[in-house]
Amino acid sequence: MQLMTMKDAPKHVGEVVKVGCWLTNKRSSGKIAFLQLRDGTSFFQGIVLKNEVGEEKFQELTSLHQETSMIVTGKIQEDKRSAFGYELLVEDVEVVGKSEDYPITPKEHGVDFLMDHRHLWLRSSRQHAIMTVRNEMIRATYEFFNKEGFVKVDPPILTGSAPEGTSELFHTEYFDQDAYLSQSGQLYAEAAAMAFGKVFSFGPTFRAEKSKTRRHLIEFWMVEPEMAFCNHEQSLEVQEKYVAYLVQSVLDHCSLELDTLGRDKEVLKRYTELPYPRISYDDAVKMLEENGFDDLKWGDDFGSPHETFIANHFSKPVFICNYPKSIKPFYMKKHPTRDDVVLCADMIAPEGYGEIIGGSERETDYDTMLANVKKQGLNVADYEWYLDICRYGDTPHAGFGLGLERAVTFITGTEHVREAIPFPRLLNRIYP
Ligand code: 4AD
Ligand code: MG
């Protein structure tokens, strides 16, 4: 008999099946035992009746330890009391792998302990739910951009360029040359947009940021669409449509996971309604000044308290548009009538989750771009290929980057970005 996965249980009610699973917990009372099981797709219970399996088997099963792996043979039946809705009436169990003294017990553990055991922590129902939502968001990302006519183009991870500034680069050697781990695939996506019109990339990016906050990872995954013949406002429309699509996909496909996480679905539904509000950087600064934030003046970048304050004024994600040129990267297009701001926007998630998207229209004027590259202190020779975009048939173009883990924390209602990636790389943590 083939092994079945419990996700398919609704199609097999009343049938006897074999499931490969692990024991997460158990309790028994004389004649009946309840095994809490997980098979990778679902969390469910197995009911063992002493009368059915016999004294010896019953004893063996009730003495198994947490995380023992096994193949359970049993009949699928509905279980109205559990959120999952199905259980197994156990006929037989074959132990596959023993487990003793599993470190993560049902009691509370500190975060450092859990992070040291991340490889095991991933097995818990909450972490499983977050990773399942993450997977759905990746699936929905490919679906959305494919439907919208984007081509996926994979930028390199080893690069000689520094789109987001040189201070946070991971340096490495590329034979006898210097190289860096990619901070963003954007510059390559721009070049590819001139070949394919609309492209997106999705890959790991690296920032040697000395930030130890609940929003910062050293290694994170970014979705970066780039569109030729597209201006700033048109890009914002794609961004809000994409984020609403992510939220709707998770609502449609991860209902059980949202329940496991205690995420309010009514709140999420609000985030599927378009458009999202837009506010200028100028007005955001005014709003902060009028509300007693005297630590901030025009020209400063926002910290998370500022972002949270602004976001709290809206019931949906909000775009803060047109930041000062001095605090944004060299490739952003200057505003048509102002020298001090650029055509860009950050999308700030509600409920204190902060910036989930950064994007802009891109500079197309060769002389301005060259001057920007020089002003940023970059080596022009390393950017000749990028300057070719301005040289050969440049078009208005725009794009953005969505930090997947930030978006996962927002949609799942998770406090810290470290739980939004299977094996987080954090300041001072590269284990496990
Ligand atoms: O705003 P950022 O730095 O923008 C870019 O990298 C552009 N090149 C994107 C583009 O236009 N193609 O980063 C984009 C997003 C942020 O909004 C945030 O969601 C996420 O990436 N991000 C991080 N996520 C986790 N940890 C970090 N250290 C992050 N830094 C940025
Ligand atoms: Mg940003």
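Everything numeric in this text was worked out from a predicted model, so none of it was measured. (Residues numbered from 1 in each chain as written. Chains lettered and ligands numbered in written order. Predicted model: local features only at pLDDT ≥ 70, side-chain atom pairs only at ≥ 80, totals over all residues. Heavy atoms only, no water.)

## Examining the overall build of the protein
Selection rule: For the purposes of this entry, the term helix denotes a DSSP run of H or I that reaches at least four residues, the term strand denotes a run of E that reaches at least two, and both are numbered from the N terminus. Each residue is placed in one exposure class: buried if its accessible area under a 1.4 Å probe, protein chains only, is under 20% of its type's maximum, exposed if it is over 50%, and partly exposed if it falls in between. For this analysis, residues touch if any pair of their heavy atoms sits within 4.5 Å. In this description, accessible areas are obtained by the Shrake-Rupley approach with a 1.4 Å probe, and a residue is regarded as covered only by the protein chains that are shown.
Tallying secondary structure elements over the protein gives 14 helices and 16 strands in all. Overall, the protein is about 85 × 55 × 40 Å in size when its C-alpha atoms are taken along their principal axes. When each of the 432 residues of the protein is scored for burial, the buried share is 51%. When contacts within the protein are restricted to residue pairs at least 6 apart in sequence, those whose partners lie at least 24 apart make up 66%. Accessible surface, the protein as shown: approximately 20100 Å² in total, 50% of it carbon and sulfur.

## Brief notes about the pattern of salt bridges
Note the following rule: We define a salt bridge as a side-chain nitrogen of Lys or Arg found within 4 Å of a carboxyl oxygen belonging to Asp or Glu.
Scanning the entire structure with this criterion turns up 30 salt bridges. Across the pair K297 and D300 runs a salt bridge, and its minimum N-O distance is 3.3 Å. By relative accessible area, K297 is classed as exposed at 54%. Here the residues in one salt-bridge network are R38, E67 and R123, joined through shared partners.

## Looking at the site of ligand 1
What counts is decided by this rule: Whether a residue is near a molecule or strand depends on its heavy atoms: it is near if one of them lies within 4 Å of it. N or O atoms within 3.5 Å of each other form a polar contact, as long as, within protein, one can give a hydrogen and the other can take it, and as long as residues adjacent in sequence are counted only when both atoms are side-chain atoms. Here the term charged refers only to Asp, Glu, Lys and Arg, the term nonpolar to Ala, Val, Leu, Ile, Met, Phe, Trp, Tyr, Cys and Pro, and the term polar to all other amino acids, Gly among them.
Taken together, 22 residues are adjacent to ligand 1, and E164, Q186, R207, E224 and E355 come closest. Side-chain polar atom of E164 to a nitrogen atom of ligand 1: 2.6 Å apart, as the coordinates give it. Taking R207, its side chain carries an N or O atom lying 2.8 Å from an oxygen atom of ligand 1. Coverage of ligand 1 by the protein chains reaches 93% of its 630 Å² of free accessible surface. Elements supplying a minimum of two residues to the shell around ligand 1: strand 11 (219-228), strand 15 (354-361) and strand 16 (397-403). A breakdown of the residues in the shell around ligand 1 according to their chemical character gives seven nonpolar, seven polar and eight charged.

## Observations regarding a nonpolar patch on the surface
Stated precisely, the cut-off is as follows: For patches, a residue must show more than 30% relative accessible area and have no salt bridge; joins then use 9 Å for like charges and 5 Å for nonpolar side chains, namely Val, Leu, Ile, Met, Phe, Trp and Tyr.
A cluster of nonpolar side chains, contributed by L158, Y174 and F175, occupies part of the molecular surface with about 370 Å² of accessible area. Note that F175 resides in the loop between strand 8 (171-174) and strand 9 (177-181).

## Topic: the domain arrangement of the protein
We apply this condition: Domain ranges listed in this record stem from an automatic or a database domain assignment. Here's the idea: put two parts together, see how much 1.4 Å probe accessible area each one loses, and the total over both is what we call buried area.
Its domain assignment divides the protein into domain 1 (6-97) and domain 2 (118-420). Taking the mean C-alpha position of each, domain 1 and domain 2 sit 44 Å from one another. Each partner contributes to the roughly 500 Å² buried at the junction of domain 1 and domain 2, and carbon and sulfur atoms together form 61% of this total. Inspection of the domain 1/domain 2 interface yields one salt bridge. Measuring nitrogen to oxygen at the nearest pair gives 2.8 Å for the salt bridge that ties R123 to E67. For the side of domain 1 that touches domain 2, the residue count by class is four nonpolar, two polar and two charged.

## Points about the nonpolar core
For the record, the criterion: We call a set of buried Ala, Val, Leu, Ile, Met, Phe, Trp, Tyr and Cys residues a nonpolar core when their side-chain atoms join them within 4.5 Å.
Ranked by internal contacts, the top residues of the largest apolar core, which has 48 residues, are M137, F145, Y242, L402 and I411. The dominant element in this core, judged by the number of residues it contributes, is helix 7 (residues 232-253), at ten residues. When residues no more than four places from it in sequence are discounted, the contact partners of Y242 are T141, F144, F145, V223, F400 and L402. Counting 33 residues, the second-largest nonpolar core is a separate cluster that includes L187, I310, Y331 and M369.

## Considerations on the pairing of strand 10 (residues 198-206)
This is how the line gets drawn: Any two strands with at least two DSSP bridges between them are considered paired.
For strand 10, the tally of buried residues reaches eight of nine residues, placing the bulk of the element in the interior. Here strand 10 runs beside strand 11; their pairing, made up of nine bridges, is antiparallel. Its bridge partner lying in strand 11, P204 is registered against W221.

## Notes on the sheet that holds strand 7 (residues 158-159)
Taken in spatial order, the three strands line up as 7-9-8 in an open sheet, and their pairing is antiparallel. Each end of this open sheet is capped by a strand with a single partner; those strands are strand 7 and strand 8. Direction of pairing for strand 8 relative to strand 9: antiparallel, over a ladder of four bridges. In the strand pairing of strand 9, T172 is matched with A179.

## Focus: the packing of aromatic side chains
Put simply, the rule reads: By convention, a stacked pair of Phe, Tyr or Trp rings (six-membered ring in the case of Trp) has centres within 6.5 Å and planes under 30 degrees apart, an edge-to-face pair has planes over 60 apart, and any other such pair is tilted. For a lysine, the NZ atom is tested; for an arginine, the CZ atom; a charge sits over a ring if that atom is within 6 Å of the ring centre and within 35 degrees of the ring normal.
Using the criterion set out here, one finds 24 aromatic pairs in the structure. The positively charged end of K328 is found above the aromatic ring belonging to Y323, 4.3 Å away from the centroid.

## A closer look at the packing of helix 5 (residues 125-147) against helix 14 (residues 404-412)
This is how the line gets drawn: Inter-axis angles, ranging from 0 to 180 degrees, are taken between N-to-C directions of lines fitted to C-alpha atoms, where helices are fitted over the stretch in contact. Orientation labels follow simple angle bins: below 35 degrees gives roughly parallel, above 145 gives roughly antiparallel, 65 to 115 gives roughly perpendicular, and whatever is left gives oblique. In this scheme, a crossing is called left-handed if the near helix is turned counterclockwise away from the far one by less than a right angle; it is called right-handed if the turn is clockwise.
At a minimum axis separation of 10 Å, helix 5 and helix 14 run at an interaxial angle of 120 degrees. Taken together, the axis directions place helix 5 and helix 14 in an arrangement best described as oblique. Like other packed secondary-structure pairs, helix 5 and helix 14 cross with a definite hand, here right-handed. Across the interface between the two elements, I130, V133, R134, M137 and I138 of helix 5 pack against L404, E405, A407, V408, I411 and T412 of helix 14.

## Topic: the side chain of R263
Position of R263 among the secondary structure elements: in the loop between helix 8 (255-261) and helix 9 (265-270). Judged by relative accessible area, which is 10%, R263 ranks as buried. Looking at R263, its side chain comes within polar contact range of the side chain of E351, at 2.8 Å. Every residue in contact with R263, bar those within four places of it in the chain, is listed here: L258, L268, Y271, E351, Y353, F410, I411, T412 and G413.

## Notes on unusual backbone geometry
Cis geometry marks the peptide bond from L274 to P275; its omega dihedral reads 0 degrees. In this model, Y431 is joined to P432 through a cis peptide bond whose omega is -5 degrees. Mapping P432 onto the fold places it in the segment after helix 14. Located in the positive-phi region is N322, a residue other than glycine, with phi close to 60 degrees. Its place among the elements puts N322 in the loop between strand 13 (318-321) and strand 14 (344-349).

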